[in-house]
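Tertiary structure, described
Residue-level listing of the chains:
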Amino acid sequence: MTLSFFDQFMSPTYLGIPLIALALSLPWILYPKPTTRWLNNRLITLQGWFINRFTQQIFQPLSLGGHKWATLLASLMLFLITLNMLGLLPYTFTPTTQLSLNMAFAVPLWLATVIIGMRNQPTHALGHLLPEGTPTLLIPVLIIIETISLFIRPLALGVRLTANLTAGHLLIQLIATAAFVLLPLMPTVAILTAVLLFLLTLLEVAVAMIQAYVFVLLLSLYLQENV
Amino acid sequence: MIASLHDFCPASSLLSVLTTMRPEGMRGERRGREGHREAETRVPRCCRNLVLHPSDMLSRLVFVSASALKSSGPIGAGVVHASRCLHTSSQSLAPVPPLPEKGGKVRHGFIPEELFQLLYPKTGVTGPYMLGAGLLLYMLSKEIYVINHETFAAASIGAVIIYGVKKFGPSVAAFADKLNEEKVAKAQEVKDVAMSSLAQAIEDEKKEQWRVEGRAMLFDAKRNNVAMLLETNYRERVHMVTNEVKRRLDYQIALQDLNRRLEQEHMINWVEKSVISSITPQQEKESIAKCITDLKVLAKATQAKATA
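Just so you know, these numbers come straight off a predicted model, no measurement behind them. (Residues numbered from 1 in each chain as written. Chains lettered and ligands numbered in written order. Predicted model: local features only at pLDDT ≥ 70, side-chain atom pairs only at ≥ 80, totals over all residues. Heavy atoms only, no water.)

Here the focus is the overall build of chain B. For chain B, the helix and strand inventory stands at 9 helices and 2 strands. Put simply, chain B has 308 residues, and 16% of those count as buried. Of the contacts formed within chain B by residues at least 6 apart in sequence, a portion of 48% connects residues at least 24 apart. Summing over all exposed atoms, chain B offers an accessible surface of approximately 24,900 Å²; the carbon and sulfur share of this is 65%. (Helix = DSSP H or I, 4+ residues; strand = E, 2+ residues; numbered from the N terminus. Buried < 20%, exposed > 50% of the residue type's maximum accessible area, 1.4 Å probe, protein only. Contact = heavy atoms within 4.5 Å. Areas by Shrake-Rupley, 256 points an atom, 1.4 Å probe, with all protein chains shown as cover.)

Here it is as structure tokens:
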């Protein structure tokens, strides 16, 4: 094949125009903005209901200081879930498969939570580095371990999202190729592979939604610790 | 200054755009200054915001922009015609027309019905389907669309989407409708409760008015009661007074009777005493002798009667 399996993850450019900008602006175009009407059509009602429920869910355990992040996290969630779901369509490019994008989300937001924590309540934020009830001998070791785990958080956030989506897309491509190649040779096996592909697609739909949710949820948890 | 205002009215209406952006405080004092001037001449409503005060630098702007507009040929005419006064048309005021309730009709989920209507006169019912099939076959045969592994992926995700929409579509739509219904129901309930409470208030008010009418009768009855009580009390007292007076008068009568009786007895006693004292012994002997002779006679008479 002239195309390798990793070409779908190359950031597309056309005549020098980076098309990733188009891909990134697609979620913004797809959602109608809230209207001045009291009663809306079904789409906008559902959209509003979803955003309300989601924001309620995420921000219930957060104290009032964390509620300032509501717009940011809700819009982030919508953005990620739309990008992920749109990427499942054929011949599309998923920006969230790019590590650069995910790290660009994860690092600043995580850093913001840490800085907020250190600035407003430094002792409480530093206290998270030592879990309660540790034996005295283990304290130095545990502090080092907790600091490492603190600094690995943005990496984990970014890489989790990237890896999940990339792996999913890759698997779909692979199994689709297998089904495609097997169709003239062994049709029954190809049918089985097609069934497998169908199940995998279902899984990928779930993964797309869950990964976006997990990203935002973890950020809200980091915020909860620090606010 | 005011005469020139009419000449430049379209321009000044353009400038009312500028003036409406000025801060509120300025506008307030401007209206104060303008008050007396409005009595002199009829200023068009859109231009009331504008003040042509010699010290106001806008007046210079009026002349400048008006001349500029008149000098800029065809564009200037268009600009002058296009400008209009703000907030006088009914666009922002009218009730907003309602949105359509359902989206446009589609066939097979994504092809708009209008295409079928468009092609029906020329190609009949099967026209669009032929078009679709032809297009598809053309793209496949000319390898404009190449079948590769992505086709399978597309088929797979297409199957997922169609399955999802067919299975969960109606329930999701019903859910969205229910959300809207609840919203309307809440508002309707508020309205209904308000209306019923107001109707109840009207009923209560009518009842109170009816009660007030009856109050006069109540007062009359009470008045009668009180009058009766007073009358009864008065009569009782009159009785009492009469009785007391009678008692006193009876006492006086009894007193008089007593006096009379005492006098009478006293007189009788005195008369007896004097009579008894006046009887001499001679008279007493004579009376006794008389009595004896009388007795003898009587005895004889009775003896005679007894023997007869």
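What follows concerns the interface of chain A and chain B. Counting residues at the interface gives 24 residues for chain A and 29 residues for chain B. Summed over both partners, the interface of chain A with chain B buries about 2,600 Å², with 72% contributed by carbon and sulfur atoms. By the criterion of area lost to chain B, the three top residues of chain A are Arg37(A), Arg42(A) and Tyr91(A), representing 25% of everything that side buries. On the surface where chain A and chain B come into contact, there are 1 salt bridge. Of the charged contacts in the structure, one is a salt bridge between Arg42(A) and Asp177(B), with a shortest N-O distance of 2.9 Å. At the boundary of chain A and chain B, one finds 9 residue pairs in polar contact (both at pLDDT 80 or more). Going through the elements one at a time, α2 (42-59), α6 (139-185) and α7 (187-226) of chain A are the ones with two or more residues in the side of chain A that touches chain B. Tallied by class, the residues present in the side of chain A that touches chain B amount to 17 nonpolar, 5 polar and 2 charged. (Buried area = accessible area lost by both parts, 1.4 Å probe. Salt bridge = Lys/Arg side-chain N within 4 Å of Asp/Glu carboxyl O. Polar contact = N/O pair within 3.5 Å; in protein donor to acceptor, adjacent residues only side chain to side chain. Nonpolar A, V, L, I, M, F, W, Y, C, P; charged D, E, K, R; others polar.)

Moving on: a nonpolar patch on the surface. Taken together, the side chains of Leu99(A), Ile144(A), Ile148(A), Ile152(A), Leu155(A) and Val159(A) present a nonpolar region at the surface, about 530 Å² in accessible area. By relative accessible area, Leu99(A) is classed as partly exposed at 42%. (Patch = residues over 30% accessible without salt bridge, like charges linked within 9 Å, V, L, I, M, F, W, Y side chains within 5 Å.)

Let us now look at the confidence of the model for chain B. All names here are of chain B. Confidence in the prediction of chain B, expressed as mean pLDDT, is 79, and 70% of residues score 70 or more. Per-residue pLDDT, averaged within each element of chain B, yields its smallest value for helix α1 (residues 2-7) (44) and its largest for helix α7 (residues 127-141) (95). For residues 50-54, every residue scores under 50 in pLDDT, and the model assigns this stretch 18 contacts once sequence neighbours within four places are set aside. Scored as a complex, the prediction yields pTM 0.64 and ipTM 0.87. (pLDDT = per-residue confidence, 0-100.)

On to the side chain of Thr82(A). For Thr82(A), the position within the fold is in helix α3 (residues 70-87). Each residue touching Thr82(A), except ones within four places of it in the same chain, is listed here: Pro27(A), Leu30(A) and Tyr31(A).

Time to look at the UniProt feature "transmembrane region" (unreviewed entry) in chain A. All names here are of chain A. Per the UniProt record, the feature "transmembrane region" (unreviewed entry) sits at residues 12-31, 69-89, 101-118, 138-159, 171-199 and 205-223. With 55% helix and 20% strand, the stretch residues 12-31 has end C-alpha atoms that lie 24 Å from each other. Between the end C-alpha atoms of residues 171-199 there is a gap of 12 Å, over a span that is 97% helix and 0% strand. (UniProt positions renumbered as here; feature names shortened; annotations may be inferred.)

Here we come to the pattern of salt bridges. Across all of its chains, the model carries 9 salt bridges over all chains by this definition. Within this structure, Glu244(B), Arg247(B) and Arg248(B) form a network of salt bridges that share partners.

Attention now goes to the packing of aromatic side chains. All told, the structure shown has 9 aromatic pairs over all chains when counted by the stated rule. Centroid distance Phe6(A) to Phe9(A): 6.4 Å. Interplanar angle 50°. Geometry classified as tilted. Residue classification places Phe6(A) among the exposed residues on the basis of a relative accessible area of 53%. With a relative accessible area of 12%, Phe9(A) lands in the buried category. Ring pairing ties together the aromatic residues Phe50(A), Phe54(A) and Tyr213(A), which thus form one cluster. Over the ring of Phe116(B) we find Arg107(B), and its NZ or CZ is 4.0 Å from the ring centre. (Phe/Tyr/Trp six-rings, centres within 6.5 Å; stacked < 30°, edge-to-face > 60°. Lys NZ or Arg CZ within 6 Å of the ring centre and 35° of its normal.)

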